[in-house]
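Secondary and tertiary structure notes
One-letter residues, chain by chain:
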Amino acid sequence: MAGIPDRAYNAACGMLASQLSISLAAARRKVDVRSSQEGLKETAAKLALAQQMLAEAQASGENHHELLSSLLEAVGSDENFMVED
């Protein structure tokens, strides 16, 4: 079982998740994948990476909330689609 990451790391991943409109687990996974690609193993280095990724996401200027909302809207004939009776 994986160890529980520290509070600052969780907070940084949470802010990244909020910025990208994804779940906390998905944000942690993004940071873990990128940290393994860069060869980072210490929690402090992962925390710095998560903060860097948050800064990059904020600097990109993309509004992920609007993008997600537009993807979730029903289009044309899908408006009245029912999965069950």
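Here's a quick rundown of the structure. Not measured: the values here are computed from a predicted model. (Residues numbered from 1 in each chain as written. Predicted model: local features only at pLDDT ≥ 70, side-chain atom pairs only at ≥ 80, totals over all residues. Heavy atoms only, no water.)

**As for the nonpolar core**
For the record, the criterion: Among buried residues, the Ala, Val, Leu, Ile, Met, Phe, Trp, Tyr and Cys ones that are joined through side-chain atoms within 4.5 Å form a nonpolar core. Each residue's exposure class comes from its accessible area (1.4 Å probe, protein chains only) as a fraction of the maximum for that residue type: buried when under 20%, exposed when over 50%, partly exposed otherwise. Each helix is a run of DSSP H or I of at least 4 residues and each strand a run of E of at least 2, with the numbering of both proceeding from the N terminus. By the convention used here, residues are in contact when the closest approach between their heavy atoms is within 4.5 Å.
Judged by nonpolar contacts, the single largest core of 14 residues is most densely connected at Cys13, Leu16, Val31, Ala50 and Met53. For this core, the secondary structure elements donating two or more residues are helix 1 (7–20), helix 2 (24–38) and helix 3 (43–59). Not counting chain neighbours up to four residues away, the residues in contact with alanine 50 comprise Ala12, Cys13 and Val31.

**Description of the pattern of salt bridges**
Note the following rule: One side-chain nitrogen of Lys or Arg within 4 Å of one carboxyl oxygen of Asp or Glu is enough to make a salt bridge.
In total, this model carries three salt bridges according to the counting rule given. Between aspartate 32 and lysine 46 there is a salt bridge, with the nearest N and O atoms lying 3.8 Å from each other. Of this pair, aspartate 32 sits in helix 2 while lysine 46 sits in helix 3, placing them 14 residues apart in sequence. Residues arginine 34 and glutamate 56 are paired through a salt bridge, measuring 3.1 Å at the closest nitrogen-oxygen approach. Remark: glutamate 56 occurs in helix 3 and arginine 34 occurs in helix 2; sequence separation between them is 22 residues. The exposure class of arginine 34 is partly exposed, given its relative accessible area of 22%. By relative accessible area, which is 36% here, glutamate 56 ends up partly exposed.

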